[in-house]
Amino acid sequence: MSRSPDAKEDPVECPLCMEPLEIDDINFFPCTCGYQICRFCWHRIRTDENGLCPACRKPYPEDPAVYKPLSQEELQRIKNEKKQKQNERKQKISENRKHLASVRVVQKNLVFVVGLSQRLADPEVLKRPEYFGKFGKIHKVVINNSTSYAGSQGPSASAYVTYIRSEDALRAIQCVNNVVVDGRTLKASLGTTKYCSYFLKNMQCPKPDCMYLHELGDEAASFTKEEMQAGKHQEYEQKLLQELYKLNPNFLQLSTGSVDKNKNKVTPLQRYDTPIDKPSDSLSIGNGDNSQQISNSDTPSPPPGFHPHQFIQSQCTVPF
């Protein structure tokens, strides 16, 4: 790449090492042909290689053809201009991200459940195999005790359950939504998150465990507050569910085995695939005297094309 020594362009990359030119290299032209490289590459060619200019193949002279070190005033001016351009670039990015402040992004592997009693408002409890752990491997559980989403049902907690796999999150939602536990109706759906305020300002987030987004999310899973009020995020969730059913109609059934630690043997998990002539009028959930009866009409409806018998025979009996 040839440049005139008097050119006032922004600093460019060295065409050999592809590293940005240092400020001191801006006026460094080692060959009379005007081919500019950095001083490091010039030194390497002269000491370790053939000593020829990569452009015109003439031998490099002992001293560079043109090299005028910048004065302190010029260095400071260039630094100030560079800093100003960086600030302008950051401001422009921040302006372009302003609208994202009101956007929420659906997380395919995150279950948001409300209506939890204090008995269940514990991350370690919800992770157990008899609770949310039965649907798949859980990465993280966060409890919020300061909410009362259940309204007339009295004070209740909410939880964010993050699964490793998105299909496990959908399975949990199908099985837990509208289930009555401890006198409270659980409501479950895919959770959403927002963009980190530092990301919106194009700044480095100082929180290593920040739960908000630091990169652009899936556009199809992104919704404004108005769109969420219109239920668009729920339509997206149903779309994901229908796509999953097409790929695996039996995804609600747990087909893997569990290891008996005492006997070191693999035993099959309970499956609800025994043929029945007629589905019962209600499903039982709970332990002992705490069992609740809910009608089939209260259970989440499967997408079109999914047989209702198969739905009732799935792993949706929640032993809360």
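The model shown is predicted, which means the values in this text are computed figures rather than measured ones. (Residues numbered from 1 in each chain as written. Predicted model: local features only at pLDDT ≥ 70, side-chain atom pairs only at ≥ 80, totals over all residues. Heavy atoms only, no water.)

Chemist: I tried to follow the overall build of the protein chain on my own but got confused; where do I start?
Modeler: Per the secondary structure count, the protein chain includes eight helices and 13 strands. Across the 320 residues that make up the protein chain, the buried fraction comes to 38%. Sequence-distant contacts, at least 24 apart, represent 59% of the contacts inside the protein chain between residues at least 6 apart. Carbon and sulfur atoms provide 49% of the accessible area of the protein chain, an area that totals close to 19500 Å². (Helix = DSSP H or I, 4+ residues; strand = E, 2+ residues; numbered from the N terminus. Buried < 20%, exposed > 50% of the residue type's maximum accessible area, 1.4 Å probe, protein only. Contact = heavy atoms within 4.5 Å. Areas by Shrake-Rupley, 256 points an atom, 1.4 Å probe, with all protein chains shown as cover.)

Chemist: Help me understand the packing of aromatic side chains in this model?
Modeler: Both the distance between ring centres and the angle between the ring planes are used here to describe each pair of aromatic rings. Within this structure, the stated rule accounts for five aromatic pairs. Centroid distance Phe 28 to Trp 42: 5.3 Å. Interplanar angle 70 degrees. Geometry classified as edge-to-face. On the criterion of sequence distance, the pair formed by Phe 28 in strand E1 (residues 28-29) and Trp 42 in helix H1 (residues 39-48) is long-range, its members being 14 residues apart. A relative accessible area of 12% means that Trp 42 is categorised as buried. Note that Arg 97 overlies the ring of Phe 199, its terminal NZ or CZ placed 3.9 Å from the centroid. Lying across the ring of Tyr 212, Lys 194 places its NZ or CZ 5.1 Å from the centre. (Phe/Tyr/Trp six-rings, centres within 6.5 Å; stacked < 30°, edge-to-face > 60°. Lys NZ or Arg CZ within 6 Å of the ring centre and 35° of its normal.)

Chemist: Explanation requested: the nonpolar core in the structure shown.
Modeler: Nonpolar side chains in soluble globular proteins tend to be buried together. Core analysis: the largest hydrophobic core is formed by 49 residues, its most contacted members being Val 111, Val 113, Leu 116, Leu 126, Phe 132, Tyr 163 and Tyr 195. Ignoring any residue separated from it by four or fewer positions in sequence, one finds Val 111 in contact with Phe 132, Ala 159, Tyr 160, Val 161, Tyr 163, Ala 169, Ala 172, Ile 173, Ala 188, Ser 189 and Gly 191. Counting residues in hydrophobic clusters, the runner-up holds 13 residues, among them Tyr 35, Ile 37, Trp 42 and Cys 53. (Core = buried A, V, L, I, M, F, W, Y, C linked by side-chain atoms within 4.5 Å.)

Chemist: Looking at this model, I keep getting lost on the confidence of the model for the protein chain. Mind explaining?
Modeler: Detailed reading of the predicted coordinates is not advisable wherever pLDDT falls low. When pLDDT is averaged along the protein chain, the result is 75; 72% of the residues meet or exceed 70. Per-residue pLDDT, averaged within each element of the protein chain, yields its smallest value for strand E12 (residues 282-285) (32) and its largest for helix H3 (residues 123-126) (94). Every residue in residues 1-9 scores below 50 in pLDDT, and together they form 19 contacts with partners more than four places removed in sequence or on other chains. (pLDDT = per-residue confidence, 0-100.)

Chemist: For this particular structure, what's the right way to read the environment of Asn 144?
Modeler: By the secondary structure assignment, Asn 144 is in strand E4 (residues 138-144). Accessibility expressed as a relative area gives 26% for Asn 144, which makes it partly exposed. Not counting the four nearest positions on each side in its chain, Asn 144 is found in contact with Ala 157 and Ser 158.

Chemist: I would appreciate a short explanation of the pattern of salt bridges in the present structure.
Modeler: Think of it this way: side chains of opposite charge can pair up when their charged atoms draw near. A full pass over the atoms with the stated rule returns eight salt bridges. As a salt-bridge pair, Glu 124 and Lys 127 come within 3.8 Å of each other at their nearest N and O atoms. Glu 124 sits in the exposed class, given a relative accessible area of 52%. Glu 167 is the partner of Arg 165 in a salt bridge, and the nearest nitrogen-oxygen pair spans 3.3 Å. Here the salt bridges share partners, and the residues they tie into one network are Arg 165, Glu 167, Asp 168 and Arg 171. (Salt bridge = Lys/Arg side-chain N within 4 Å of Asp/Glu carboxyl O.)

Chemist: What is the right way to look at helix H2 (residues 72-97) in this model?
Modeler: One turn of the α-helix equals 3.6 residues, which is why residues spaced by three or four share an orientation. Counted at 1.5 Å a residue, the expected span for H2 with its 26 residues is 38 Å, and the 38 Å between its end C-alpha atoms agrees. Looking at the buried positions of H2, the neighbouring elements they touch are helix H5 (197-200). (Expected span 1.5 Å × (residues − 1).)

Chemist: Mind showing me how you'd approach unusual backbone geometry here?
Modeler: Phi angles above zero are rare outside glycine, and Asn 178 is one such case at about 75 degrees. As for its placement among the helices and strands, Asn 178 is situated in the loop between helix H4 (166-176) and strand E6 (180-181). Non-glycine residue Asp 182 carries a positive phi angle of around 55 degrees. Looking at the element boundaries, Asp 182 is found in the loop between E6 and strand E7 (184-185). Its relative accessible area of 27% is what places Asp 182 among the partly exposed residues.

Chemist: Quick question: what am I supposed to make of helix H7 (residues 232-247) here?
Modeler: Over its 16 residues, H7 extends 23 Å from the first C-alpha to the last, a length consistent with the 22 Å expected when each residue adds 1.5 Å. Inspection of H7 places His 233, Tyr 236, Glu 237, Leu 240, Leu 241, Leu 244 and Tyr 245 among the buried residues, and these make up the whole buried set.

Chemist: When you look at the pairing of strand E5 (residues 157-163) in this model, what are you seeing that I'm missing?
Modeler: Residues in a regular strand point their side chains to alternate faces of the sheet. Burial of E5 is extensive: six of the seven residues sit out of reach of the surface. Summarising the sheet, E4 and E5 pair through six bridges and their orientation is antiparallel. The residue bridging Ile 143 from the neighbouring strand is Ala 159, located in E5. (Pairing = 2+ DSSP bridges.)

Chemist: Please clarify how the environment of Asp 182 should be interpreted in this entry.
Modeler: Taking C-alpha positions, Asp 182 is 8.4 Å from Leu 116, a pair spaced 66 residues apart along the chain. A polar side-chain atom of Asp 182 sits 3.0 Å from a polar atom in the side chain of Arg 119. (Polar contact = N/O pair within 3.5 Å; in protein donor to acceptor, adjacent residues only side chain to side chain.)

Chemist: How should I be thinking about the packing of H4 against H7 in this particular structure?
Modeler: Geometry of a packed helix pair, given as the angle between the helix axes and the separation of the axes. Remark: H4 packs on H7, axes separated minimally by 11 Å, with the N-to-C direction vectors making an angle of 110 degrees. Classified by the angle between their axes, H4 and H7 sit roughly perpendicular to one another. Touching Glu 167, Leu 170, Ile 173 and Gln 174 of H4 are Glu 237, Leu 240, Leu 241, Leu 244 and Tyr 245, all from H7. Split into classes, the residues belonging to the contact of H4 with H7 amount to six nonpolar, one polar and two charged. (Axes fitted to C-alpha atoms, helices over the stretch in contact; angles between N-to-C directions. Parallel < 35°, antiparallel > 145°, perpendicular 65-115°, else oblique. Nonpolar A, V, L, I, M, F, W, Y, C, P; charged D, E, K, R; others polar.)

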